[in-house]
Amino acid sequence: MRQFGLYIDGRWQDSVSGRHFSAVNPADGKAVAEVAKGCAEDVDKAVQAAAGAARAWQATPLRERSATLYRMAQILVRDVDELAMLETLDSGGTLYYSAVTVKDVAARRFEYFAGLADKIEGRQIPVSSTYHTYTVREPLGVTAHIIPWNGPLWEASRSLPPALAAGNAVILKPAQEALLGAIKLGEIAKEAGLPDGLVNVVPGAGSEVGVALVNHPGVHGITFTGSIPTGQEIMRASAATMKRLVLELGGNAANIVFEDADLDAAVEGSIWAAFSNSGQICVSGPRLFAHESIKEQFQERFVARVESLRVGPGVDNAEVGPLVSEPHMKRVLGMIETGKREGAHLLTGGRRADEAGLANGFYVLPTVFGDVTPEMHVMREEVFGPVVTITGFASDEEAIRMANETDYGLANGLWTSDLGRAHRVAGALQSGQVYVNEWFCGDIQCPAGGYKMSGIGREEGQQALDNYLQLKSVRMRIG
Ligand code: NAP
Ligand code: MG
């Protein structure tokens, strides 16, 4: 049983509140760590520390800023075993997936933005010979990063590197449901040589720590990843202090299999799209659409493959781990019952896994529903679990229409061997990301974010730096 404090101003400390909460392993329901539970006063301390650190960081030569962030990437790779274990024990994902998160996602992102930290440049704007006019891209100051539980290190490492590269100090508010994978980022930053207070980690309730960050006048930007209602609440609350906002909200991607697709690749890729991290990924692909000429064949092969998936603890590298918590498991089981009641045809799964060794964990069997129609809740709502719906379609237009028939617009994907169709359909799908012939492909260079209700702004890619910069134009009379 490990103990973690808050990480503020370059050291672990207890919360002013004196309270704690348990980090629970969803594979067996047992506590794995005690974590200090932050409060509004802790947020205030973190903001003071961050403001001082931001000034020191902005005075640091950019070459050094770059090198320090690069050292963070190296430390992440060095500590992969410990960090992957923390991520898996708390959130339930497989160790393999957690190790990929540490080395290929988190470290890679620090490396990428380390490379950009010394390339933040302004422009000279020729107005007339009497004036010297130029732009400067300046950091916001202190930014807060409020993340959900599905992959704490995955989520934290998305927005911290560009914010730091741009010259800001950061305060990370992880979710109570799962946070251990990201809890050491402050300590890692200190070891890498970042100023004390530049990276603060304040665990605690959204209703206390999250709200305090959103309301604090010393916080200049909020990057929030989570649900739509919380995103809306943050948008309303942050109006009072006019904060810069990036909102990465829910998704409910369509995964379209055309009749000319490579079916082997489509079956395997759709399994990966739907059941990675037990479906608890905002860009996973739970709404499957198959062309009617191949639907039966696809469905049969897909269901057979689903039934071959090994369900078990993340530490054993099973293919499908538990859901993050008991309440979330109950929510997913409730949506499965709704699907049954609405007349969706249960093809496999559909219940909690109660096999020996799994009964204390929060496991839901990989579930597939056939004959699903777009008005059914199990298709319309984001289940955020290992649940897939399959629906047939007759034409490209019908597939596109059903895919877009949702308020979400985070990701969609398709499988085809026709290049023209791939481009046409990718163009017609209303989402920030479109995958063609492979799911989750791309890298930190590619922008990610939502159309419609799925959010505001884009993370990843070079332009993510602009989320953490403000533009000043200096207009100087020289004539
Ligand atoms: P959530 O309930 O909105 O919580 C997200 C975070 O916000 C947690 O840290 C939470 O703290 C905090 N929070 C709650 N209320 C708050 C408030 N009023 N002010 C400030 N912070 C507050 O979301 P979730 O259920 O944990 O996460 C699942 C959702 O995230 C899904 O909809 C999923 O699609 C979405 N997601 C989106 C992306 C993306 O990139 N678009 C990526 C991953 C997940 P506590 O929970 O600790 O109280
Ligand atoms: Mg946990």
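Residues numbered from 1 in each chain as written. Chains lettered and ligands numbered in written order. Predicted model: local features only at pLDDT ≥ 70, side-chain atom pairs only at ≥ 80, totals over all residues. Heavy atoms only, no water.

**Student:** Is there a simple way to think about empty space enclosed by the protein in this case?
**Tutor:** Take a probe with the size of a water molecule and roll it over the atoms, and the empty space left behind shows itself. In total, this model carries 4 cavities of 30 Å³ or more according to the counting rule given. There is about 90 Å³ of room inside the largest cavity. Forming the boundary of the largest cavity are 13 residues, of which Gly 279, Ile 281, Ser 284, Pro 286 and Phe 384 lie nearest the centre. Its residues assigned to classes, the lining of the largest cavity comprises 7 nonpolar, 5 polar and 1 charged. Considering the residues around the second largest cavity, the lining is formed by Tyr 7, Gly 10, Gly 186, Ala 189, Lys 190, Leu 194, Pro 195, Asp 196, Gly 197, Leu 198 and Val 199. Per-element accounting of the lining of the second largest cavity gives the leading share, 3 residues, to helix H6 (residues 185–192). Of the residues contributing to the lining of the second largest cavity, the split by class is 6 nonpolar, 3 polar and 2 charged. (1 Å grid on protein atoms, 1.4 Å probe; cavity = no way out; pocket = protein on both sides within 12 Å on 5 of 7 lines; lining within 4 Å. Points joined across faces, edges and corners; volume = space filled by probe spheres on them. Nonpolar A, V, L, I, M, F, W, Y, C, P; charged D, E, K, R; others polar. Helix = DSSP H or I, 4+ residues; strand = E, 2+ residues; numbered from the N terminus.)

**Student:** Help me understand the site of ligand 1, please; the structure alone is not making it clear to me.
**Tutor:** Close to ligand 1 lie 31 residues, the nearest being Arg 158, Lys 173, Ser 227, Leu 249 and Glu 382. Note that an oxygen atom of ligand 1 is positioned 2.8 Å from one of the side-chain N or O atoms of Lys 173. Residue Gln 176 places a main-chain N or O atom 2.9 Å away from an oxygen atom belonging to ligand 1. Within the complex, 85% of the 920 Å² of free accessible area of ligand 1 lies under protein. Of all the secondary-structure elements, those providing two or more residues to the shell around ligand 1 are helix H5 (152–165), helix H7 (206–215), strand E10 (221–225) and helix H8 (228–238). (Near = heavy atom within 4 Å. Polar contact = N/O pair within 3.5 Å; in protein donor to acceptor, adjacent residues only side chain to side chain. Areas by Shrake-Rupley, 256 points an atom, 1.4 Å probe, with all protein chains shown as cover.)

**Student:** Would you explain the pattern of salt bridges in this entry?
**Tutor:** Per the counting criterion, the structure on display carries 29 salt bridges. In this structure, Glu 191 engages Arg 78 in a salt bridge whose closest nitrogen and oxygen atoms are separated by 2.7 Å. With a gap of 113 residues between them, Glu 191 in helix H6 and Arg 78 in helix H2 (residues 62–78) connect regions that are remote in the sequence. Across the salt bridge formed by Arg 158 and Glu 459, the nearest N and O atoms sit 3.4 Å from each other. Here the residue Arg 158 occupies a position in helix H5, and Glu 459 occupies one in strand E21 (residues 458–459), the gap between them amounting to 301 residues. Residue Arg 158 is classed as buried on the basis of its relative accessible area of 5%. (Salt bridge = Lys/Arg side-chain N within 4 Å of Asp/Glu carboxyl O. Buried < 20%, exposed > 50% of the residue type's maximum accessible area, 1.4 Å probe, protein only.)

**Student:** I tried to follow the coordination of the magnesium ion (ligand 2) on my own but got confused; where do I start?
**Tutor:** For a metal with four donors in a tetrahedral arrangement, the ideal angle between donors is 109.5 degrees, while six donors in an octahedron ideally sit at 90 or 180 degrees. Within the protein, the atoms that donate to the magnesium ion (ligand 2) are Val 24 (O), Asp 90 (O), Asp 90 (OD) and Glu 177 (O), at distances of 2.1 to 2.7 Å. Binding-site remark: the magnesium ion (ligand 2) is held by donors from one chain whose sequence spacing is V-x65-D-x86-E. Of this pair, Val 24 sits in strand E4 (residues 20–25) while Asp 90 is found in helix H3 (residues 80–91), placing the two residues 66 residues apart along the sequence. The exposure class of Val 24 is partly exposed, given its relative accessible area of 28%. When its relative accessible area of 0% is taken as the criterion, Asp 90 is described as buried. (Donors = N, O, S within 2.8 Å, 3.2 Å for Na, K, Ca; no water.)

**Student:** Can you walk me through the domain arrangement of the protein chain in this structure?
**Tutor:** Taken domain by domain, the protein chain consists of domain 1 (2–249 + 453–477) and domain 2 (254–443). Look at where the C-alpha atoms of domain 1 and domain 2 centre, and you get two points 31 Å apart. Surface buried jointly by domain 1 and domain 2 totals about 2100 Å² across both partners, of which 59% is contributed by carbon and sulfur atoms. Among the residues of domain 1 in contact with domain 2, Pro 26, Tyr 97 and Trp 149 are the three that bury the most area, contributing 23% of the side total. Inspection of the region where domain 1 meets domain 2 yields 1 salt bridge. With a closest N to O distance of 3.0 Å, Asp 443 and Arg 108 form a salt bridge. Along the contact surface separating domain 1 from domain 2 lie 10 residue pairs in polar contact (both at pLDDT 80 or more). For the side of domain 1 that touches domain 2, the elements supplying multiple residues, two or more each, are H3 and helix H4 (95–116). Grouping the amino acids of the side of domain 1 that touches domain 2 by side-chain chemistry returns 13 nonpolar, 8 polar and 6 charged. (Domains from an automatic or database assignment. Buried area = accessible area lost by both parts, 1.4 Å probe.)

**Student:** Explain the sheet that holds strand E1 (residues 2–4) to me, please; I cannot follow it from the model alone.
**Tutor:** Neighbouring strands of a sheet are bound in pairs by backbone hydrogen bonds; such pairs are parallel or else antiparallel. With mixed pairing, 3 strands are arranged side by side in an open sheet as E1-E5-E4. At either end of the open sheet lies a strand with only one pairing partner, and these are E1 and E4. Ignoring strand direction, the axes of neighbouring strands in this sheet form an average angle of 30 degrees. Examined bridge by bridge, E1 and strand E5 (residues 30–36) share 3 bridges and lie parallel to one another. Each residue of the ladder has a partner; that of Arg 2, found in E5, is Ala 33. Contacting E1, E4 and E5, H3 runs over the sheet at an angle of about 90 degrees to E4. (Pairing = 2+ DSSP bridges. Axes fitted to C-alpha atoms, helices over the stretch in contact; angles between N-to-C directions. Contact = heavy atoms within 4.5 Å.)

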